[in-house]
Amino acid sequence: MRVFHRQDNVPTNSCILLASLEEAVAYPRGSIALGFCDTCGFVSNVAFEQRLTEYSGRYEETQGFSRTFSAFHRDLATRLIERHGLRGKRILEIGCGKGEFLALLAELGDNHGVGFDPGYREGRLPGLSGAGVEFVKDFYSEKYADVEGDFVCCKMTLEHIHGTADFLGMVRRAIGDRPDVVVFFQVPEATRILRDCALEDIYYEHCSYFSPGSVGRLFRRSGFEVLHLATEYSDQYLTIEAKPSCGSPQPVAPEEDDLAALRSYVAGFPEKFAAKVNAWRQRVGAAAASGRKPVLWGSGSKAVAFLTTLGLREQIEYVVDINPHRQGFFLPVTGQEILAPAALRAYRPDLVIVMNPVYRDEVVGDLDAMGLRPEVCTL
């Protein structure tokens, strides 16, 4: 693979809850070396070391406290239930996080769900009963091959796995000779990251990056037939639905013919990355130098990547997050404290940088409700 982007001294986890400033600034660091495969379009951090990552009860990644995200989640679950007749079925979710999506599939379709995730936390299904679901606080592996499902779901997990073909092959072997089992995977969409130089979406835990073409090629190589390929959530997410292949040749969707475009985006990435980093440093630096108070809205991986890539510490004092389980903790390396949005009433920021443009309207509404009218911009 040809390496086209390098970063050193990046935190090896972005969503870990760190209780003190001292722990945050001393957090372990690793390197990113993004390599591009000219044959299949796959992008991977070839410097990734699995031992440096942690997925445990203090890994707090959920977006479920956002009204915007919750509406998307419910709509996605409803569409999958209708498209695949998921009623009275057994659902298996790999990397279920705090269990919100699995609970939705169970509740809306009267299904039974089994979720696997070492970071699952009991009692974390707000607004959902959690009835009909059970959780295994462990990574999914060969030892759970006997846990069968009529539908296998894996959302925002494959990008955390370095040996993607090995992992997908394991899933295919577990399905065995059950041709009607459908699998659904959701990953970040890499074409947008490369084309737009979305530096906030490049961080250590994400060691694997997929375009429509590379994910289609991966699934077919692993013994699946691709049923549906789409982008979701303002083209930030790539979704694929597939079933075991019957062995006959499969048609390839036009959007999978993306190698030429990917080559072009990769070639231009270093120059575009440098320009974007410089532009944001100047913007935030100018605001701080003029006495304006900037804050970030959103304390997850995008915020950590944004701050560490730009090297921003003193220029941005606080980060806010609507997730109450993240409030009061500190961001790795740069050390900003995570506040509840209500704290902005007293702080009165002049500039709010929203980490994901999908949430801009929701954030502006929350600021308006607090009587605040700062300048609001998005990445």
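Note: the structure precedes this text.
Residues numbered from 1 in each chain as written. Predicted model: local features only at pLDDT ≥ 70, side-chain atom pairs only at ≥ 80, totals over all residues. Heavy atoms only, no water.

**Quick look at the overall build of the protein chain**
Reasoning step 1: Scanning the protein chain from N- to C-terminus turns up 10 helices and 16 strands.
Reasoning step 2: The globule rule puts the C-alpha radius of gyration for 379 residues at 21 Å, and the 21 Å found for the protein chain is close to it.
Reasoning step 3: Taken along the three principal axes of its C-alpha coordinates, the protein chain extends 65 × 50 × 35 Å.
Reasoning step 4: For the protein chain, the residues scored as buried account for 56% of the 379 residues in total.
Reasoning step 5: Working note: accessible area of the protein chain is about 15,400 Å², and carbon and sulfur atoms make up 51% of it. (Helix = DSSP H or I, 4+ residues; strand = E, 2+ residues; numbered from the N terminus. Rg over C-alpha atoms; globule rule 2.2 N^0.38 Å. Buried < 20%, exposed > 50% of the residue type's maximum accessible area, 1.4 Å probe, protein only. Areas by Shrake-Rupley, 256 points an atom, 1.4 Å probe, with all protein chains shown as cover.)

**Side note on the nonpolar core**
Nonpolar side chains tend to gather and get buried jointly when the protein is soluble and globular.
Reasoning step 1: With 41 residues, the main nonpolar core has Phe4, Trp280, Leu296, Phe306, Leu307 and Ile353 as its most contacted residues.
Reasoning step 2: For this core, the secondary structure elements donating two or more residues are β1 (2–11), β2 (29–36), α5 (190–196), α7 (259–289), α8 (301–310) and β15 (351–354).
Reasoning step 3: In terms of residues, this core owes the most to one element, α7, which gives eight residues.
Reasoning step 4: The contact partners of Phe306, leaving out residues within four places of it in the chain, are Leu199, Trp280, Leu296, Leu312, Met355 and Leu379. (Core = buried A, V, L, I, M, F, W, Y, C linked by side-chain atoms within 4.5 Å. Contact = heavy atoms within 4.5 Å.)

**Description of the sheet that holds strand β11 (residues 237–244)**
Reasoning step 1: Strand order in the open sheet formed by seven strands is β6-β5-β4-β7-β8-β11-β10, and the pairing between neighbours is mixed. Of all strands in the sheet, those bounded by a partner on one side alone are β6 (133–136) and β10 (224–232). Strand-to-strand, the axes of this sheet are offset by a mean angle of 15°, without reference to chain direction.
Reasoning step 2: Sitting on the sheet, helix α4 (residues 164–175) is in contact with β4 (90–94), β7 (151–155), β8 (182–188), β10 and β11, with an inclination near 125° to β10. (Pairing = 2+ DSSP bridges. Axes fitted to C-alpha atoms, helices over the stretch in contact; angles between N-to-C directions.)

**Observations regarding unusual backbone geometry**
Reasoning step 1: The residue Met156 is not glycine, and still its phi comes out positive at about 50°.
Reasoning step 2: Following the sequence through the fold, Met156 ends up in the loop between β7 and α4.
Reasoning step 3: The class of Met156 is partly exposed, set by a relative accessible area of 25%.
Reasoning step 4: Positive phi values are uncommon outside glycine, yet Asp235 reaches one of about 65°.
Reasoning step 5: One can find Asp235 in the loop between β10 and β11.

**Section: the pattern of salt bridges**
Where charged atoms from two side chains of opposite charge come close, those side chains can pair.
Reasoning step 1: By the definition in use, this model includes 23 salt bridges.
Reasoning step 2: Here Arg79 and Glu232 are joined by a salt bridge, their closest N and O atoms 2.9 Å apart. Placement of the pair is Arg79 in helix α2 (residues 67–84) and Glu232 in strand β10, with a sequence separation of 153 residues.
Reasoning step 3: The class of Arg79 is partly exposed, set by a relative accessible area of 25%.
Reasoning step 4: Among the charged side chains, a network of salt bridges with common partners joins Glu23, Glu54 and Arg58. (Salt bridge = Lys/Arg side-chain N within 4 Å of Asp/Glu carboxyl O.)

**Looking at the packing of aromatic side chains**
Reasoning step 1: Taken as a whole and assessed by the stated rule, the structure comprises 19 aromatic pairs.
Reasoning step 2: Their ring planes at 55° and their centres at 6.0 Å tell us that Phe69 and Phe72 sit as a pair that is tilted. With Phe69 and Phe72 both in helix α2 and three residues apart, the pair spans about one turn of that helix. In this pair, the class of Phe69 matches that of Phe72, namely buried.
Reasoning step 3: With 4.6 Å between their ring centres and 40° between their planes, Phe72 and Tyr233 make a pair best called tilted. Separated by 161 residues along the polypeptide, Phe72 in helix α2 and Tyr233 in the loop between β10 and β11 bring together distant segments of the chain.
Reasoning step 4: A connected cluster of aromatic rings, assembled from ring pairs, spans Phe69, Phe72, Tyr233, Tyr237 and Tyr359.
Reasoning step 5: Of note, Lys155 hangs over the ring of Phe101, and the distance from its end group to the ring centre comes to 4.8 Å.
Reasoning step 6: Geometry around Tyr347 places Lys293 over its ring, the cationic atom sitting 4.6 Å from the centre. (Phe/Tyr/Trp six-rings, centres within 6.5 Å; stacked < 30°, edge-to-face > 60°. Lys NZ or Arg CZ within 6 Å of the ring centre and 35° of its normal.)

**Observations concerning the side chain of His5**
Reasoning step 1: With respect to the secondary-structure elements, His5 resides in strand β1.
Reasoning step 2: Within the structure, His5 has its side chain in polar contact with the side chain of Gln7 (distance 2.8 Å).
Reasoning step 3: Sequence-distant contacts of His5, defined by excluding residues within four places in its chain, comprise Ile32, Ala33, Leu34, Ile202, Phe269 and Phe273. (Polar contact = N/O pair within 3.5 Å; in protein donor to acceptor, adjacent residues only side chain to side chain.)

**Some details on the sheet that holds strand β14 (residues 337–339)**
Reasoning step 1: An order of β14-β13-β12-β15-β16 is seen for the five strands of this open sheet, with the pairing classed as parallel. Every other strand in the sheet has two partners, leaving β14 and β16 (375–378) as the edge strands with one partner each. With direction set aside, neighbouring strand axes in the sheet form an average angle of 30°.
Reasoning step 2: Bridge count between β15 and β16: four bridges; the pairing is parallel. Residue pairing across strands places Leu351 opposite Glu375, the latter belonging to β16.

**Comments concerning α2**
Reasoning step 1: Over its 18 residues, α2 runs 26 Å from end to end, which matches the ideal 26 Å to within 8%, given 1.5 Å per residue.
Reasoning step 2: When we look at burial in α2, the residues that qualify are Phe69, Phe72, His73, Leu76, Ala77, Leu80 and Ile81. Buried residues of α2, seen end-on, are gathered within an arc of 165° and therefore sit on one face of the element. Away from its buried face, by an angle of more than 90 degrees, α2 presents the exposed residues Arg67 and Glu82. (Expected span 1.5 Å × (residues − 1). Arc of directions from axis to C-beta.)

**Let's talk about the environment of Cys197**
Reasoning step 1: Tracing the chain through its elements places Cys197 in the loop between α5 and β9 (208–209).
Reasoning step 2: Given a relative accessible area of 0%, Cys197 falls into the buried group.
Reasoning step 3: Taking C-alpha positions, Cys197 is 9.8 Å from Ala275, a pair spaced 78 residues apart along the chain.
Reasoning step 4: Other than its neighbours up to four places away in sequence, Cys197 contacts Arg192, Phe269, Lys272, Phe273 and Lys276.

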